[in-house]
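Okay, here's what each chain looks like letter by letter:
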Amino acid sequence: MTSTADHVSTIDQLRVRDFPAQRTADGWVESGPGFHVADLRVSEDFWDADLSRVEEVLEEFEAELSALDQVLTLRWGAPDVLDLTDSLERSAMGEPVPPPLDTLCGYVPDLRVWRVDGRWVGLGVGQGDRELPFQLLVAIGEEGTI
């Protein structure tokens, strides 16, 4: 299992990484013009899991998100909370949604967002469907894109 310090190190590395001209996937990082999205932690899937196991893992991921939130809040101040419901509704109606929100809105209900050095840093926990793994992720984008 990775630690909060490992997550902060990953976030710091992604904050200074250049954005590519085309959408690419590099193992655990998806990037594109103006953004990076990386899984900080991914759970097992839940095809045959009972509900108590799903709840237990969700609580673990939310606790990890909370710990990371506290560290980043000490560093950068309190985050904004970006509700991705509007992005999901626009996407479902075929309206354009800017990346990476176009992808994230399908499985992350909201992001905690800090604005730092001309970029935004968003953290969230998501799950694509109830059988799929939970993901603790970071998204980084150019300021003004959300």
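These numbers come from a predicted model, not from an experiment.

With respect to the nonpolar core
- Counting 23 residues, the largest nonpolar core has Ile11, Leu40, Leu68, Leu72, Leu123, Phe134 and Val138 as the members making the most contacts within it.
- Excluding anything up to four places from it in sequence, Phe134 contacts Arg41, Val42, Ser43, Phe46, Val54, Val57, Leu58, Phe61, Val125, Gly126 and Gln127.
- One finds Val97, Tyr107, Val113 and Leu137 within the second-largest nonpolar core, a separate group that totals 14 residues.

Regarding the side chain of Ser31
- Along the chain, Ser31 falls in strand β2 (residues 29-32).
- For Ser31, the side chain forms a polar contact with the side chain of His36, separated by 2.6 Å.
- Excluding residues that lie within four positions of it along the chain, Ser31 makes contacts with Arg17, Pro20, Gln22, Arg23, Thr24 and His36.

Observations concerning the packing of helix α1 (residues 4-16) against helix α2 (residues 51-76)
- One can describe the packing of α1 onto α2 by two numbers: an axis separation of 10 Å at closest approach and a directional angle of 55°. It follows from the interaxial angle that α1 and α2 lie oblique. Note on packing geometry: the crossing formed by α1 with α2 is right-handed. Facing Thr4, His7, Val8, Ile11, Asp12 and Arg15 of α1, the residues of α2 in contact are Glu64, Ala67, Leu68, Val71, Leu72, Arg75 and Trp76.
- The residue inventory of the contact of α1 with α2, partitioned by class, reads seven nonpolar, two polar and four charged.

So, the side chain of Arg41
- Among the structural elements, Arg41 can be located in strand β3 (residues 35-42).
- Classification of Arg41 by relative accessible area gives buried; the value is 17%.
- At 2.5 Å, the side chain of Arg41 and the side chain of Glu64 are in polar contact.

Looking at the pattern of salt bridges
- Inspection of every chain in the model, using the stated rule, returns 12 salt bridges.
- As a salt-bridge pair, Arg15 and Asp12 come within 3.4 Å of each other at their nearest N and O atoms. Here the residue Arg15 and the residue Asp12 both occupy positions in helix α1, the gap between them amounting to three residues, near one helical turn.
- Residue class for Arg15 comes out buried when judged on its relative accessible area of 17%.

Rules of the game
- Residues numbered from 1 in each chain as written.
- Predicted model: local features only at pLDDT ≥ 70, side-chain atom pairs only at ≥ 80, totals over all residues.
- Heavy atoms only, no water.
- Core = buried A, V, L, I, M, F, W, Y, C linked by side-chain atoms within 4.5 Å.
- Buried < 20%, exposed > 50% of the residue type's maximum accessible area, 1.4 Å probe, protein only.
- Contact = heavy atoms within 4.5 Å.
- Helix = DSSP H or I, 4+ residues; strand = E, 2+ residues; numbered from the N terminus.
- Polar contact = N/O pair within 3.5 Å; in protein donor to acceptor, adjacent residues only side chain to side chain.
- Axes fitted to C-alpha atoms, helices over the stretch in contact; angles between N-to-C directions.
- Parallel < 35°, antiparallel > 145°, perpendicular 65-115°, else oblique.
- Left-handed = near helix turned anticlockwise from the far one by under 90°.
- Nonpolar A, V, L, I, M, F, W, Y, C, P; charged D, E, K, R; others polar.
- Salt bridge = Lys/Arg side-chain N within 4 Å of Asp/Glu carboxyl O.

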